[in-house]
Amino acid sequence: MFESAEIGHSIDKETFRKMMPSLREALLDVQYDLKEKADFPVLILIHGFDGAGRGETMNLINEWLDPRLIQTVAFDDPNDEARARPWMWRYWRELPAKGRIGMFFGSYYSDTLFERVFSRSDRDAFDRQIFDILRLERMLTLDGAVVLKFWFHLSRDKQKQRLKLLEQDPATNWRVTKTDWLHYERYDKIRKYGEHMLRLTNTAHAPWIVIDGEDGNYRSLTVANTILEAVRNRLGQPMLSTDRVEAPPLLAPIDNKLVLDTLELEQKLDKDSYRAKLDQLQGRLSKLTRDARFARHSLVLVFEGNDAAGKGGSIRRITQALDARRYRVVPVAAPNQEESVKPWLWRFWRNVPGKGGITIFDRSWYGRVLVERVEGFAPEADWLRAYYEINDFEHQLSENGAIVLKFWLAISKDEQLTRFKGREETGFKRFKITDEDWRNRDKWDLYRQAVSDMVDRTSTSKVPWTLVEANNKYFARIKVLTTVCDALEAKLSE
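Residue numbers run consecutively from 1 along every chain, following the written order of its sequence. For this predicted model, a pLDDT threshold of at least 70 governs which residues receive local features, and a threshold of 80 or more governs which side-chain atom pairs are given and counted, while totals over whole chains, interfaces and linings are taken from all residues. Excluding hydrogens and water, the side-chain values take into account all heavy atoms of the structure.

**Topic: the overall build of the chain**
Here comes step 1: Within the chain, the secondary structure is distributed over 20 helices and ten strands.
Here comes step 2: Once the C-alpha set of the chain is aligned to its principal axes, its extents read approximately 85 × 50 × 45 Å.
Here comes step 3: Only protein chains enter the accessibility calculation, which uses a 1.4 Å probe; a residue is then buried when its area is under 20% of its type maximum, exposed when over 50%, and partly exposed in between. Evaluated residue by residue, the chain yields a buried proportion of 53% over its 494 residues.
Here comes step 4: Reported accessibility uses the Shrake-Rupley method at a 1.4 Å probe radius. Residues are deemed covered only where the shown protein chains occlude them. A total of about 23,800 Å² of accessible surface is found on the chain, and carbon and sulfur atoms cover 49% of it. By definition, any uninterrupted DSSP run of H or I lasting at least four residues is a helix, any uninterrupted run of E lasting at least two residues is a strand, and each is numbered from the N terminus.

As structure tokens, then:
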């Protein structure tokens with residue numbers, strides 16, 4: 001895979017000087033066109049052997065382009081904040097917005113490769129991380145991103161020669177560190193595992209570009225031309241089409257019986273019994289979240305449901321039992337300007353809690369397969385693939401020790417009408433009812449189908465849905481609290 005990068009590519013200084021001005025001008029032009037069109041982001045990943053010119057190339061890109069429109073991030077070993085979350089979290093946070101270029105010096109590939117090189121992961125763990133990467137890059141490119149991955153290559157002898165030259169020059173010796181020589185000693189492992197990693201991740205939508213890193217002129221022109229052509233080609237295309245559906249249509253059951261139809265919505269629980277159970281469950285929840293074993297986990301609670309089903313009331317009964325310093329409630333509405341130019345899961349990844357933390361989502365990422373589907377805000381292909389992307393997201397949370405609980409609060413259409421009217425007639429509750437609530441009610445059957453599809457496709461063994469019969473608000477709150485406490489006790493006892 002690296003043979004062509006070891007045959008001695010080079011460009012003489014005169015040729016470089018002649019090509020550079022027009023190339024720089026063309027790069028600036030496409031960068032400003034990218035900013036104006038703002039349909040897609042560009043993500044550039046810089047990897048390869050120490051001494052192969054990665055740093056010089058990164059600096060050159062920033063020099064030749066407008067650095068105000070480039071987000072450059074150099075990743076080192078993860079800090080405590082990152083280690084407390086899924087390993088992809090810190091990369092999701094830094095993804096570039098549409099119309100911008102993001103450049104990662106080191107990235108998820110560095111984590112994966114060096115964990116294997118230094119025997120901190122075995123082959124199975126190595127391949128699992130590689131497939132995490134494949135899913136991420138597929139998701140980004142389906143969302144429209146241009147992903148450019150550069151591997152700067154040197155043979156073992158050339159790397160040693162390059163490091164010695166840099167070390168002998170007083171102007172550059174600071175660039176050679178103990179880590180560089182430590183990596184040189186493991187050259188064969190880096191090459192072996194790097195080739196395995198590149199082979200598995202060299203996809204049609206995000207291929208690797210392997211570059212001979214010996215000659216700076218050749219290296220710089222190759223990288224610059226690759227970026228230029230990739231962005232120019234995308235800009236020359238019409239709006240990226242992601243509306244081709246690659247899945248069979250979702251058909252309603254022939255008998256029209258859906259999972260929501262199995263719920264007995266009229267459950268009974270009187271106020272006195274409710275208060276007694278509430279006190280007991282809140283005390284139990286408070287104790288569980290203060291248990292020393294909970295520090296190895298996090299808690300993610302997702303609340304979805306019919307409008308006026310009592311999500312807010314259930315959330316309040318949970319937070320009353322929690323230490324306010326350890327939880328956060330995230331209300332989810334339509335994405336704001338910052339969120340709308342990022343990959344759609346970005347705003348949820350950024351709110352993932354660390355170990356010992358609790359995040360409660362009032363509405364969530366399921367809006368993609370509910371309101372965005374029903375209201376036509378997302379193309380069919382986007383919300384169809386979202387089922388897979390959601391399951392992948394939740395799987396990563398669970399693998400990192402998060403306890404993820406999802407609640408759908410269901411009420412009947414008649415009960416919803418009663419609650420809507422009650423809100424309109426009560427002064428301090430009027431803020432809870434909007435024109436949008438009435439419009440959503442007109443699409444009751446469409447939401448009924450969407451919810452059933454959602455449950456069928458995202459209720460997994462690790463992260464199942466809990467369907468809550470919510471016509472009786474007391475019963476609903478007790479069922480939610482009981483489910484949370486039972487799940488915490490089961491996890492902490494493992």
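**Description of the sheet that holds strand S1 (residues 42-48)**
Here comes step 1: Spatially, five strands are ordered S2-S3-S1-S4-S5 in an open sheet, and the strand pairing comes out parallel. Sheet topology places strand S2 (70-74) and strand S5 (208-212) at the edges, where each strand pairs with a single neighbour. On average, each strand axis in the sheet is inclined to that of its neighbour by 20°, with strand direction left out of account.
Here comes step 2: Paired strands, as defined in this entry, are two strands with at least two bridges between them according to DSSP. Relative to strand S3 (residues 101-105), S1 is paired through five bridges, and the arrangement is parallel. Bridge assignment links Leu45 to a residue of S3, and that residue is Phe104.
Here comes step 3: Residues count as neighbours in contact if any of their non-hydrogen atoms are within 4.5 Å of one another. What counts as an axis is a line fitted to C-alpha atoms, over the stretch in contact for a helix, and the angles between N-to-C directions run from 0 to 180 degrees. Across the sheet, helix H5 (residues 108-117) lies against S1, strand S4 (146-153) and S5, angled at about 25° from S1, the strand it touches most.

**What to know about the packing of aromatic side chains**
Here comes step 1: Stacked, edge-to-face and tilted are the three classes for Phe, Tyr and Trp ring pairs, Trp counted by its six-membered ring, which pair at centre distances within 6.5 Å; planes under 30 degrees apart are stacked, over 60 edge-to-face, the rest tilted. Under the definition given, this model contains 27 aromatic pairs.
Here comes step 2: With 6.4 Å between their ring centres and 80° between their planes, Trp151 and Trp208 make a pair best called edge-to-face. Note that Trp151 is positioned in strand S4 and Trp208 in strand S5, a separation of 57 residues in sequence. The residues Trp151 and Trp208 share a single accessibility class, namely buried.
Here comes step 3: Aromatic pair Phe348 and Trp365: ring centres 5.6 Å apart, planes at 75°, arrangement edge-to-face.

**What about the pattern of salt bridges?**
Here comes step 1: Salt bridge, as used here, is a side-chain nitrogen of Lys or Arg placed within 4 Å of a carboxyl oxygen of Asp or Glu. One pass over the full model with this rule turns up 38 salt bridges.
Here comes step 2: Linking Arg363 and Asp307 is a salt bridge whose minimum nitrogen-to-oxygen distance equals 2.8 Å. Placement of Arg363 in the loop between strand S8 (358-362) and helix H15 (371-374) and of Asp307 in the loop between strand S6 (298-305) and helix H12 (311-319) is noted, with a sequence separation of 56 residues between them.
Here comes step 3: The exposure class assigned to Asp307 is buried, which follows from its relative accessible area of 14%.

**As for the pairing of strand S10 (residues 465-469)**
Here comes step 1: In terms of burial, S10 is largely enclosed, as five of its five residues are buried.
Here comes step 2: The two faces of S10 match: Trp465, Leu467 and Glu469 on one face and Thr466 and Val468 on the other face are all buried.
Here comes step 3: Two elements, strand S9 (residues 402-410) and S10, share five bridges in a ladder whose sense is parallel. Paired with Phe407 across the bridge in S10 is Thr466.

**Describing the side chain of Asn306**
Here comes step 1: Structurally, the position occupied by Asn306 is in the loop between S6 and H12.
Here comes step 2: Counting of polar contacts relies on pairs of N or O atoms within 3.5 Å, with two restrictions inside protein: one atom must be capable of donating a hydrogen and the other of accepting it, and residues adjacent in sequence are counted only when both atoms are side-chain atoms. One polar contact links the side chain of Asn306 to the main-chain amide nitrogen of Ile411, over a distance of 3.1 Å.
Here comes step 3: When sequence neighbours within four positions are dropped, the list of residues in contact with Asn306 reads Lys311, Arg363, Trp408, Leu409, Ala410, Ile411, Gln416 and Trp444.

**A short note on the packing of H12 against helix H20 (residues 473-492)**
Here comes step 1: For the pair H12 and H20, interaxial distance at closest approach is 9 Å and the crossing angle is 45°. Accordingly, the angle class assigned to the pair H12 and H20 is oblique. Note that H12 runs across H20; the crossing there is right-handed. Contacts between H12 and H20 involve Gly313, Ser314, Arg317 and Ile318 on the former and, on the latter, Arg477, Val480, Leu481 and Val484. For classification purposes, an angle smaller than 35 degrees is called roughly parallel, one larger than 145 roughly antiparallel, one from 65 to 115 roughly perpendicular, and anything else oblique. Helix crossings get a hand from a simple test, with the near helix turned counterclockwise from the far one by less than a right angle marking a left-handed crossing and a clockwise turn marking a right-handed one.

**What about the UniProt feature "domain: Polyphosphate kinase-2-related" (unreviewed entry) in the chain?**
Here comes step 1: UniProt positions are given in the numbering used here, feature names are shortened, and annotations may be inferred rather than shown by experiment. Those residues carrying the UniProt feature "domain: Polyphosphate kinase-2-related" (unreviewed entry) are residues 11-233 and 268-491 in this numbering.
Here comes step 2: Along residues 11-233, the helical share is 58% and the strand share 13%, with 25 Å between the first and last C-alpha atoms.

**Let's talk about unusual backbone geometry**
Here comes step 1: Not every positive phi belongs to a glycine, and Ala38 is a case in point at roughly 50°.
Here comes step 2: Tracing the sequence through the fold places Ala38 in the loop between helix H1 (13-37) and S1.
Here comes step 3: Classification of Ala38 by relative accessible area gives partly exposed; the value is 31%.
Here comes step 4: In the Ramachandran plot, Ser119 falls in the positive-phi region, its phi being about 60° despite a non-glycine side chain.
Here comes step 5: In this structure, Ser119 sits in the loop between H5 and helix H6 (123-142).
Here comes step 6: Exposure remark for Ser119: the relative accessible area of 53% places this residue in the exposed category.

**With respect to the pairing of S8**
Here comes step 1: Counting buried positions along S8 gives four out of five residues, so the element sits mostly inside the fold.
Here comes step 2: Sheet analysis places S6 next to S8, joined by five bridges and oriented parallel. Opposite Val302, over in S8, you have Phe361 as the bridge partner.
Here comes step 3: As paired strands, strand S7 (residues 327-331) and S8 are joined by five bridges and run parallel to one another. Its bridge partner lying in S8, Val330 is registered against Phe361.

**Overview of helix H18 (residues 435-442)**
Here comes step 1: Residues of H18 that are buried include every one of Asp437, Asn440 and Arg441, and no others. End-on view of H18: buried residues confined to an arc of 105°, all on one side of the axis. Exposed side chains of H18 directed beyond 90 degrees from the buried face belong to Asp435 and Asp442.
Here comes step 2: Of the surrounding secondary structure, the elements contacted by the buried residues of H18 are helix H17 (413-425) and helix H19 (444-458). The directions from the helix axis to the C-beta atoms form the arc being described.

**Describing the sheet that holds S10**
Here comes step 1: Sheet architecture is open: five strands sit in the order S7-S8-S6-S9-S10, paired in parallel fashion. Only two strands of the sheet have a single partner each, and these edge strands are S7 and S10. Averaged over all neighbouring strand pairs, the angle between strand axes comes to 20°, with direction disregarded.
Here comes step 2: In this sheet, S9 lies alongside S6 in parallel orientation, the contact comprising eight bridges. Its bridge partner lying in S9, Glu304 is registered against Trp408.
Here comes step 3: Set on the sheet, H19 makes contact with S9 and S10; between it and S10 the angle comes to about 145°.

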